[in-house]
Amino acid sequence: MSKKPNSSAAALRAALLDSTAFTGPRDGKDVRTLAERAAGGELKGYSVLEDLRAVVTPLLHLALSVRCHRAIERAYADPDIRRLERLERLLDAEAARKDLPPGVGRSLREASGALVYHRAELGCSTAQAVISARALAAAALFIETGEHLDRAMILMRHAIFRAEEAQYAEPEPQPGPIYSHVEGRSLNPGAWVHAWTTIGSALRMIEDEEAILRGGAGQQAEPPVVQDGDLALDFGLPDIPAGELSAEEILAVGRSRKSLDDAAARRAVRIALSRVVFPKMDHLPAPSKSVQDRGDSPRALAEPVAGKPLPLVPAPDPAAFLARLNAKYPWAADVNELYANDVVGAPYARIPPRILVAGVGLGKSAYARDLLEFLGLPVTVYQAAAQIDGAGWSGTGRMWGTWRPSVVAQAALRAMLASVGIAVDEIDKAGTSRRWGRLDEAILPFLDGNARKVFDPAFEIELDLSAVSYVLTANQASAIGGPLRDRCQLVEFPSPREQDLPVIAATILEEIRRERGTDATWLPDLTPDELDLIPWRGGSMRPLKRMVATVLQSRDRFTPRH
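Just so it is clear, the model here is predicted, and its values are computed rather than measured.

Enquirer: Is there a simple way to think about the overall build of the protein chain in this case?
Expert: Scanning the protein chain from terminus to terminus reveals 24 helices and nine strands. Out of the 562 residues in the protein chain, the part that is buried amounts to 40%. Put simply, of all contacts in the protein chain between residues at least 6 apart along the chain, 70% involve residues at least 24 apart. Looking at the protein chain as shown, the accessible area adds up to about 29,700 Å², and 55% of this sits on carbon and sulfur atoms.

As structure tokens, then:
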């Protein structure tokens, strides 16, 4: 039986009997959250019109564009599928504005996310399909992680309901509760277990055939050691008490448990997800023994990994990733959610390139480093402000005595990984002369779809750098060139707030501990009284660091010595 409470048979039974923990109450009195809607939450008043108006009414009081206000008013007065589609696009565009007050962007995105449910209730089969796809993707993520199987089951049931509705969408809205229709869909566990057991057998047949083609047939690998209490091979398949399932279903569950355990043992000895970054370097002169030992030539440097797959860092759990960001950067909740969405369902840790734009001292550089570290990636910080050319980034060829690979290739070689993190700090301050090449232009091939084939002048061959994650920072958006804007989304990084003082002070204190080589025993956190002494009201954290240092000096001065 699964040792994860939310993945046990008891948890799934409870969710089947009462799904309101995921869908919210069934009384139709309030507007449901997006998470509750995804699980099959009810419309307010069981009416698409009442729910829609409750969602868009608060938006009428926001400082939005005239076009957006008009779209809201039309959707409110006479909603139809076409008007709601247009309003959804306009709300998404408004949410991307850089001049919105804190929290407004999130409100706009939540309202936009709710409109697909209203379109579905108005008879839009495309909206029904979108809802089904989103619920199915979320359920698959929970199932693959082996956690929250109760939520996964509720999402799966809702996805099936919406997929069926997409085929027979009603042309007119049908008022009434949703849950009676959703809960009428039986998942038939015996049939699902039998189907997936058969699919697992087919996949194992393919693996065996591939092993034979690779010449691996007959090679024995030591099975993984599973300690007592280890959950590595625990798939949460319940021990079925007599009478709960038919004899045929009990046998199917037993066969499935054995098949899954066998498959887990096979996966444990397989090569992890990987990618060949450096192809074979046979086109370069073969290095001598001494050169090989010193790594004094491009071929000698890349020889250990040439033509060999380098591991990809697995994607972190999105919820845990978001929680770490929110804990350290609570004032950047919208930005945190943006990045957390990137890793939902991702096979490995990677985020699309973005430029964090903010004034000085607001923590964007520290955020860029922490963001990549929380992804589990080794981080290289490249200071763009000190660069007057692009060669330092893209590398130089063998024709120069000072040949060197690109910054990204060096990072991959240091980490021996295909996925690494690069933070490019203050890209708006890089040199603008083309005499030796501009940095903001040299970086372009690394940021788009062509990153699978980035030519490295030192190795004189194309490298696959498509798994690398980039976070750029800038103080002024106006100083960023058009080509770089085309490849990177500009994200306004918000200012720290006064209420964030305890969190930021704790971070500053941790940095001071590292500098002094001490710990919290000798340098405890600031007390509430000490925090009250700090006259900081938000904004730049640089003066706050000086204020914290002053408080510590006062503490040292007046603390009794024994």
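Picking up after the structure, the text goes on.
Enquirer: What is the right way to read the nonpolar core from this model?
Expert: Taken as a class, soluble globular proteins show a tendency for nonpolar side chains to be buried jointly. Counting residues in each nonpolar core, the largest one holds 91 residues, and the members touching the most others are Phe278, Ile355, Trp393, Leu484 and Val548. With residues near it in sequence (within four places) discarded, Ile355 still touches Ile427, Leu472, Thr473, Ala474, Ile480, Leu484, Cys488, Gln489, Leu490 and Val491. If you look at the next biggest cluster of nonpolar residues, it comprises 23 residues, including Leu59, Ala114, Leu115 and Leu122.

Enquirer: How should I be thinking about the packing of helix H6 (residues 81–95) against helix H7 (residues 104–121) in this particular structure?
Expert: Describing two packed helices takes the angle between their axes plus the distance from one axis to the other. Interhelical geometry of H6 versus H7 gives an angle of 160 degrees and a closest axis separation of 9 Å. On the basis of the axis angle, H6 is roughly antiparallel to H7. The element H6 and its partner H7 pack so that their crossing is left-handed. Here H6 contributes Ile81, Leu84, Glu85, Leu87, Glu88, Leu91, Asp92, Glu94 and Ala95 to the contact with H7, which in turn contributes Gly105, Leu108, Arg109, Ala111, Ser112, Leu115, Val116, His118 and Arg119. In the contact of H6 with H7, the residues fall into nine nonpolar, three polar and six charged.

Enquirer: How do you make sense of the packing of helix H8 (residues 125–145) against helix H9 (residues 149–167) when you look at a structure like this?
Expert: As a packed pair, H8 and H9 sit with axes 8 Å apart at the nearest point and diverge in direction by 155 degrees. The pairing of H8 with H9 is recorded here as roughly antiparallel in orientation. Relative to H9, the crossing made by H8 is left-handed. Here H8 contributes Ser125, Gln128, Ala129, Ile131, Ser132, Ala135, Leu136, Ala138, Ala139, Phe142 and Ile143 to the contact with H9, which in turn contributes Leu149, Arg151, Ala152, Leu155, Met156, His158, Ala159, Arg162, Ala163, Glu165 and Ala166. Among the residues forming the contact of H8 with H9, the class breakdown is 15 nonpolar, four polar and three charged.

Enquirer: Please explain helix H15 (residues 318–328) as it appears in this structure.
Expert: Along an α-helix, residues three or four apart share an orientation, since each turn contains 3.6 residues. Those residues of H15 that sit buried are Pro318, Phe321 and Leu325. Mapping the buried residues of H15 onto a view down its axis gives an arc of 70 degrees, with all of them on the same face. Opposite the buried face of H15, at more than 90 degrees from it, the exposed residues are Ala319 and Ala327. Packed against the buried residues of H15 are H8, helix H16 (333–342) and helix H17 (364–374).

Enquirer: Before we go on, may I ask you to explain a positive patch on the surface in this structure?
Expert: A surface patch of like charges, here positive, comprises Arg67, Arg70, Arg74, Arg82, Arg86 and Arg89. By the secondary structure assignment, Arg82 is in helix H6.

Enquirer: What exactly am I supposed to notice about the side chain of Asp500 here?
Expert: Within the secondary structure, Asp500 is located in the loop between strand E9 (489–492) and helix H22 (501–516). In this structure Asp500 comes out as buried when scored by relative accessible area, which is 2%. Beyond its immediate chain neighbours, meaning those up to four positions away, Asp500 contacts Pro330 and Trp331.

Enquirer: Help me out: how do you make sense of the confidence of the model for the protein chain in this one?
Expert: Low-pLDDT stretches of the model should not have their predicted coordinates read in fine detail. Of all residues in the protein chain, 78% attain a pLDDT of 70 or more, and the chain-wide mean is 80. Overall, residues 214–244 carries pLDDT values under 50, and its contacts beyond four positions in sequence, including any with other chains, amount to 37 contacts.

Enquirer: Explanation requested: the environment of Leu43 in the structure shown.
Expert: Topologically, Leu43 is positioned in the loop between helix H3 (34–38) and helix H4 (48–56). Counting along the chain gives 15 residues from Leu43 to Gly28, while the straight-line C-alpha distance between them is 6.0 Å.

Enquirer: Sorry, what's going on with the pattern of salt bridges here?
Expert: Two side chains with opposite charge may pair up if their charged atoms get near one another. Evaluated as defined, the whole model comprises 23 salt bridges. Between Asp525 and Arg513 there is a salt bridge; the shortest N-O distance is 2.6 Å. Taken together, the positions of Asp525 in the loop between H22 and helix H23 (528–532) and Arg513 in helix H22 put the pair twelve residues apart, joining distant regions of the chain. Judged by relative accessible area, Asp525 falls into the partly exposed class, the value being 46%.

How each quantity is defined
- Residues numbered from 1 in each chain as written.
- Predicted model: local features only at pLDDT ≥ 70, side-chain atom pairs only at ≥ 80, totals over all residues.
- Heavy atoms only, no water.
- Helix = DSSP H or I, 4+ residues; strand = E, 2+ residues; numbered from the N terminus.
- Buried < 20%, exposed > 50% of the residue type's maximum accessible area, 1.4 Å probe, protein only.
- Contact = heavy atoms within 4.5 Å.
- Areas by Shrake-Rupley, 256 points an atom, 1.4 Å probe, with all protein chains shown as cover.
- Core = buried A, V, L, I, M, F, W, Y, C linked by side-chain atoms within 4.5 Å.
- Axes fitted to C-alpha atoms, helices over the stretch in contact; angles between N-to-C directions.
- Parallel < 35°, antiparallel > 145°, perpendicular 65-115°, else oblique.
- Left-handed = near helix turned anticlockwise from the far one by under 90°.
- Nonpolar A, V, L, I, M, F, W, Y, C, P; charged D, E, K, R; others polar.
- Arc of directions from axis to C-beta.
- Patch = residues over 30% accessible without salt bridge, like charges linked within 9 Å, V, L, I, M, F, W, Y side chains within 5 Å.
- Salt bridge = Lys/Arg side-chain N within 4 Å of Asp/Glu carboxyl O.
- Lys, Arg positive; Asp, Glu negative; His and termini not counted.
- Charge placed at Lys NZ, Arg CZ, Asp CG, Glu CD.
- pLDDT = per-residue confidence, 0-100.

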